[in-house]
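Structural features, examined
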Amino acid sequence: METKDVLCKLRRARNMTQGELAEKLFVTRQAVSRWENGETTPGPDTLKALSRLFDVSVNTLLGAPRKLFCQCCGMPLEDGLFSRETDGSINEDYCRWCYADGKFAYNTQEELLDFLERHMAAPGQPPEQVRAFYAQFLPLLKRWGGDGGLQK
């Protein structure tokens, strides 16, 4: 889906007119119209404001061109699962369980491995196997010094 379609869909889902959206963003109604017609695309600051207003990621506003994963635990990220900064803006690098209000929930890989071992074990996947898997996987993520190579 293109940005113009995403914006129109989000605005209509909230029963907002173009004028009402424009007021909230301190832009003209014509600017909103141009975005929804595909003539222009909102700039970076406006995309961030739209992200906060609609509670979706900038990635979603841009038509979700890439799949995102938490760069702490590796969980696939979708709208509603992203973390937030202290100012309320969405942080697209981390899930809301690993990072919130500018702070990480896990300060070491060992802390996260202990949590994952307890909560991700299942029949056919004993805790020690879960721990071994994540012990190899976590170092690939940005939080733990990797390059975050999971993002596509």
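Here is a short report on the structure shown in this document. Since we're looking at a predicted model, the values are computed, not measured.

Taken as a whole, helix α2 (residues 18–25) has its buried residues at Gln18, Leu21, Ala22 and Leu25. The buried side chains of α2 occupy one side of the element, clustering within an arc of 100 degrees when seen end-on. Close packing links the buried residues of α2 with α1 (3–13), α3 (29–37) and α4 (44–54). Taken from the residues just after α2, Phe26 is the one with a positive phi, measuring 60 degrees.

Applying the stated criterion across every chain yields a total of seven aromatic pairs. Between Tyr106 and Phe115, the aromatic rings sit 5.8 Å apart at their centres with planes inclined by 45 degrees, giving tilted as the arrangement. The class of Tyr106 is buried, set by a relative accessible area of 13%. The class for Phe115 is partly exposed, based on a relative accessible area of 30%. Following the ring pairs from residue to residue traces out a cluster consisting of Tyr94, Tyr99 and Phe104. Over the ring of Phe104 we find Arg143, and its NZ or CZ is 3.7 Å from the ring centre. The ring centre of Trp144 lies 4.7 Å from the NZ or CZ of Arg143, which sits over that ring.

Moving on, we come to the side chain of Asn91. Mapped onto the elements of the fold, Asn91 is located in strand β4 (residues 90–95). Residues in contact with Asn91, not counting those within four places in the same chain, are Phe82, Ser83, Arg84, Glu85 and Tyr99.

Before going further, it helps to spend a moment on the state of the cysteines. Applying the stated criterion to the full structure yields zero disulfides. Cysteine Cys95 is unpaired, with the sulfur of Cys98 as its nearest cysteine sulfur at 3.5 Å.

Rules and cut-offs
Residues numbered from 1 in each chain as written. Predicted model: local features only at pLDDT ≥ 70, side-chain atom pairs only at ≥ 80, totals over all residues. Heavy atoms only, no water. Buried < 20%, exposed > 50% of the residue type's maximum accessible area, 1.4 Å probe, protein only. Helix = DSSP H or I, 4+ residues; strand = E, 2+ residues; numbered from the N terminus. Arc of directions from axis to C-beta. Contact = heavy atoms within 4.5 Å. Phe/Tyr/Trp six-rings, centres within 6.5 Å; stacked < 30°, edge-to-face > 60°. Lys NZ or Arg CZ within 6 Å of the ring centre and 35° of its normal. Disulfide = S-S within 2.5 Å.

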